[in-house]
Every structure is written in C-alpha cells, then in structure tokens.
Amino acid sequence: RQPEVGIPLTFSQFENLSLEVLVDRLVHRHQHLLSLRICDLMQLKSNKQAVLEHWACARIRSSNTDDYKVLGREIISKLKVSPGISFGKIAETAFNQGLKELATMVLEHEPRAHDQVSLLLNMEQEERALRKAVESRDADLIMSVVLHMLKRLPGQSAAEPPEDPEKNPDGAAAQTQFFKVLEQYPQVLRHLVAYYEGFGLDPIKSAGRNATMALKRIYYELKKKKVAAKIKVIESYYKPEWKQRIRMLENAQELYKTSDPFAAAATKTQARLLQIQRKCEIDFKVSFVDLSINQTLAKLIKYGHTDRASRLRKEFLVPEKRFCHIQVKTLAKEQDWSGLAALASARRAPSIGYEPFIEACIENKAVTEAVKYISKLSYSNEKMEWFCSIHCYGEAAEVAHADRNLDALRQISSRAKTKPIVKARIDDMIKELTSR
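Analysis parameters
- Residues numbered from 1 in each chain as written.
- Predicted model: local features only at pLDDT ≥ 70, side-chain atom pairs only at ≥ 80, totals over all residues.
- Heavy atoms only, no water.
- Helix = DSSP H or I, 4+ residues; strand = E, 2+ residues; numbered from the N terminus.
- Buried < 20%, exposed > 50% of the residue type's maximum accessible area, 1.4 Å probe, protein only.
- Contact = heavy atoms within 4.5 Å.
- Areas by Shrake-Rupley, 256 points an atom, 1.4 Å probe, with all protein chains shown as cover.
- Core = buried A, V, L, I, M, F, W, Y, C linked by side-chain atoms within 4.5 Å.
- Disulfide = S-S within 2.5 Å.
- Salt bridge = Lys/Arg side-chain N within 4 Å of Asp/Glu carboxyl O.
- Polar contact = N/O pair within 3.5 Å; in protein donor to acceptor, adjacent residues only side chain to side chain.
- pLDDT = per-residue confidence, 0-100.
- Expected span 1.5 Å × (residues − 1).
- Arc of directions from axis to C-beta.
- Phe/Tyr/Trp six-rings, centres within 6.5 Å; stacked < 30°, edge-to-face > 60°.
- Lys NZ or Arg CZ within 6 Å of the ring centre and 35° of its normal.
- Axes fitted to C-alpha atoms, helices over the stretch in contact; angles between N-to-C directions.
- Parallel < 35°, antiparallel > 145°, perpendicular 65-115°, else oblique.
- Nonpolar A, V, L, I, M, F, W, Y, C, P; charged D, E, K, R; others polar.

Undergrad: How should I be thinking about the overall build of the chain in this particular structure?
TA: Helices and strands together make up the secondary structure of the chain, namely 26 helices and zero strands. Classification of the 436 residues of the chain by burial places 43% in the buried group. Sequence separation of 24 or more characterises 45% of the internal contacts of the chain that already satisfy a separation of 6 or more. Here the chain has roughly 24,900 Å² of accessible surface; of this, 50% comes from carbon and sulfur atoms.

Here is the structure:
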C-alpha cells in the first residue's frame, strides 16, 4: 500500500501470481531492499541471488562515481553474502557501460571459470583469460582460448598455422605476443601441439600440411630446435623426390647439431644411406630407396653384389656378426646352398657358429642341407638334439653310438617309434653296447 511500491493486489491475485513472481515484479520496479527482505523472510535463495544481481547491475548503470574501486568494493561486499551468485552478468554490465576496469575487478570473483573466461575474451583480455583457463585445469577451456587467440592473429584461422611475419608485417607484433604467451605456459603449448598432431602430420593432406607447418612455426619461434628437427625428419619421408628428402634431412641435421648431437649424426647417416640407395637403383635397376641398412645389405646379397654389400657394411659400421646373420638368412631364403656352403667354409669356423646356418636351412625346409651343418657342431649332445628335432633319428643314434652313450640311444629309440626300421637299427646298437 505504500505509494513508492504501488502494486494494487488482492489476496486471490497474490495466490495466483506466487511469491516468486511478486518478488520479480518488485525487482523490476527497483524495490531491491523490499525484495531482499521478502527473500530472507521466505528463504527464497534463488530469488535472492537474482535480486542482488539486478541491484548490482542497476547500481552500475546509475553510478556517477569515477572511482571504480569504491563502487567495485561496495558491490562485491554486498554480493558476497550470497554464495554462488553470478558475477559474470554484473561484470558484463560494467563492460557494456564502458567501465572495463570495474568489469575486470568484479569478474575476479566469478566462481565459474567458463563464464569468467568467456567474458574476458569478449573484453579482449586474452592473456588474462588464458591464465584463468590454465588455473581451471580444463583442457577444453584452455584450447578454446588458444584457438580464439589464433583466430585473432591477422589473416589467420584456428586450423591454419601462424603466418611468417615477413609475409604479413602488420601481424608481426600480434604473433610475437602470441608466442611469448606460449613460452609462459608450457602446458598450453602441450595442448596446442596435441591439437595439431591430432590432424596427423601427412603433408599430402591439407589438414596434415597445415598442422605440420604450424608445428614447425611454433618450434622455430620458441627456439625448440630438437622438436623442430623431428618434424623436419617426419615431413621428409612424405616427399616423393629423394633429392627433396635429402635436403630436408640436411636441414634437420643442422637443427640437431646444437640440441642433440646423436640425432644429428643419425640424420646425417640416414641422408648418406639415401644417396647410396639411389646410386644402387641407378646401377642395378632395382628399388632400394626407403629400405633400412639391413634390408639394403640383404638386397645387395640377394642379387649377388656381395662386394658392394661389404663396402656398405664397413661404411655404416655394421657389426660383422650381424652382417654374417644377414648373409645366412638371405642365401638360405634364395636357396643358394652353394653360396651358403662357401660362406660357412670361408673361415675355420663362422664367427656366429653353425646354429644360424642350421636354423636358416630348417626355416626354408632344406633338411638335407641342415644335416651338413649339424655334423659340424662341436658337441655330441647338440648334434643329437638337432638331429632329433628334424626327425633324423638314425644320424642322432650314430652320434650316440660313437660316444657309447646308452642313455641317449634309449631316449632316441623312444622318440623313433614312428620309424620302425630306424628304431630297429637303434635297438641293435643298444644290444651291441649292452653285450660288451
């Protein structure tokens, strides 16, 4: 009934409207104190928050003070009595009224990181927004801020890499600031790298090409030469032209020199291998590019270019035993039994022993050839075990008989049940030894 309120209302109307609607009407008439007392009396928590928010926004719109700090402290002290209130709406009102400092001050008390960050971005305070996103530890929120910052770079979109400042001088300052921010927040850099790596680093596809360019640009600007070199190496293997690949590997080598000497040496070696492989392709009219050093050696041996393979082994410091294993496997796979025999007899005994020869023969189903190398083994028990493994029980029995090993003969006899004639011969050997 008070004139300043001025809402004629019967009890029936009040019941139909509900108390919440009445409070809302009072708020829109700027009867904030009365509305607040009603909310406290009737314990209307959500309505109380709405009343306080509306009061704060109205206070900002009607304020004539130049001291935003005084106004900010007044609003914050009043609103703190109601936990969960949205300071974001109040800060947005301040910003719309041109009170940017007040908006920033009020927004510091916004408990919801997403609302806080969104408004900061609207206020063009990207760095503050990024700091708040990082503090929230919300990966999606962090990436939304980073992508927003990328879009704001002159002539850029989130899916494209930052441009070379020399090509776009107007955007140089903005890009410099962007990379400085990345340096301050390593976790943000990790998120951005993961985002670009998610596109794949295949330069043939548009998305992969953009991602690769972006990562290179980021690493170059931040002087992370080691990872920049890694991107270069990956990118080089998508180049169809071997000359382009060598050029990119050489660039990667230069980047590795100061950051990772071992990787620099490995990259240099790979570039040299690529040159040799290309030379082999020209000389022998067979594809070699993209093979590993072991595969290259095996292919040279396969086509009978053992001398070239030996020179390559020495240049790339391939251990002699590994080279010998490659020779054995390749010759056996090609069924070159005479070449394998020549390799085995090139020395008094092969440096890798005879077992790899036996295994290679068995793997290629050449039991007859395997028998030759089993016979060259030094120890009788090894001979017997190998002979039995390829079902040559007669040969195993001969070794046991020569050693006068009755236990071994009995074991071989029990394993030779599927070969009655051989078993009978072994049993005769057992009788011969037991009768003496």
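Undergrad: Looking at this structure, how should I read the nonpolar core?
TA: One broad rule of soluble globular proteins: the nonpolar side chains tend to lie buried together. In terms of nonpolar packing, the biggest core is built from 60 residues, with L79, L130, L182 and L192 touching the most fellow members. If we skip the residues at most four places from it in the chain, L182 touches V188, L189, L192, I218 and L222. By size, the runner-up hydrophobic cluster in this structure holds 55 residues, among which are L300, V371, I374 and M384.

Undergrad: In this structure, what is going on with the state of the cysteines? I would like to understand it.
TA: Structurally, a disulfide amounts to a covalent bond that connects the sulfur atoms of two cysteines. On inspection of all chains with the given rule, the structure shows zero disulfides. As a non-bridged cysteine, C388 has C392 as the owner of its nearest cysteine sulfur, 9.1 Å distant.

Undergrad: Is there a simple way to think about the side chain of Q327 in this case?
TA: In this structure, Q327 sits in helix 19 (residues 320–333). In this view, Q327 contacts I301, T306 and L343; residues no more than four positions away in its chain are not counted.

Undergrad: When you look at the pattern of salt bridges in this model, what are you seeing that I'm missing?
TA: Side chains that carry opposite charge are capable of pairing whenever their charged atoms lie near each other. According to the stated counting rule, one finds 13 salt bridges in the structure shown. Note that D260 is salt-bridged to K226, the shortest N-O span being 3.5 Å. Of the two residues, D260 is situated in the loop between helix 15 (242–259) and helix 16 (261–284) and K226 in helix 14 (residues 225–236); the sequence distance between them amounts to 34 residues. We note a salt bridge from D290 to R245, for which the minimum N-O separation is 2.3 Å. Here R245 lies in helix 15 and D290 lies in the loop between helix 16 and helix 17 (293–302), a separation of 45 residues in the sequence. On the accessibility criterion, R245 (5% relative accessible area) is buried. Residues joined by salt bridges that share partners form a network here, namely R131, K132 and E135.

Undergrad: Is there a simple way to think about the environment of K383 in this case?
TA: Mapped onto the elements, K383 comes out in helix 23 (residues 380–389). Along the primary structure K383 and V371 are separated by twelve residues, whereas in three dimensions their C-alpha atoms are 9.3 Å apart. At a separation of 3.4 Å, a polar atom in the side chain of K383 contacts the main-chain carbonyl oxygen of S375.

Undergrad: I keep staring at the confidence of the model for the chain and nothing clicks. Help me out?
TA: Detailed reading of the predicted coordinates is not advisable wherever pLDDT is low. Mean pLDDT over the chain works out to 80, with 82% of the residues at or above the 70 mark. Segment residues 161–166 is flagged for pLDDT under 50; beyond a separation of four residues in sequence, or across chains, it makes 22 contacts in the model.

Undergrad: Sorry, what's going on with helix 12 (residues 186–197) here?
TA: Note that an α-helix has 3.6 residues per turn; residues three or four places apart therefore point the same way. In this model helix 12 runs 16 Å from its N-terminal to its C-terminal C-alpha over twelve residues, within 8% of the 16 Å that 1.5 Å per residue would give. Turning to helix 12, its buried residues are V188, L189, L192, V193 and Y196. For helix 12, the buried positions fall inside an angular range of 135° around the axis, keeping them on one side.

Undergrad: Sorry, what's going on with the packing of aromatic side chains here?
TA: We describe a pair of aromatic rings using the distance from one ring centre to the other and the angle between the two ring planes. Summed over the entire model, instances satisfying the criterion amount to three aromatic pairs. Aromatic side chains F284 and F288 sit 6.5 Å apart centroid to centroid with 55° between the ring planes, which places their arrangement in the tilted category. For F284, a relative accessible area of 22% gives the class partly exposed. Taking the relative accessible area as the measure of exposure, F288 reaches 1% and is therefore buried. Look at Y354 and F357: their rings are 6.2 Å apart centre to centre, the planes differ by 55°, and that puts the pair in the tilted class. Side by side, Y354 and F357 carry an identical accessibility label, which is buried. The cationic tip of K299 hangs over the ring face of F288; the distance from NZ or CZ to the ring centre is 5.6 Å.

Undergrad: What is the right way to read the environment of N381 from this model?
TA: Mapped onto the elements, N381 comes out in helix 23. Given the relative accessible area of 53%, N381 is considered exposed. Put simply, N381 and D403 are 22 residues apart on the chain and 9.9 Å apart in space, counted from C-alpha to C-alpha.

Undergrad: Any chance you could explain the environment of V367 here in plain terms?
TA: By secondary structure assignment, the location of V367 is in helix 22 (residues 367–374). By relative accessible area, which is 36% here, V367 ends up partly exposed. Those residues in contact with V367 that sit more than four places away from it in its chain are I390 and C392.

Undergrad: Before we go on, may I ask you to explain the packing of helix 8 (residues 113–122) against helix 10 (residues 139–152) in this structure?
TA: The description of two helices packed together rests on the angle between their axes and the distance between the axes. Two elements in contact, helix 8 and helix 10, have axes separated by 11 Å at closest approach and are oriented at 5°. Taken as axis vectors, helix 8 and helix 10 run roughly parallel relative to one another. Contacts between helix 8 and helix 10 pair A113, H114, V117 and L121 from the former with L141, V145 and H148 from the latter. The residue inventory of the contact of helix 8 with helix 10, partitioned by class, reads five nonpolar, two polar and no charged.

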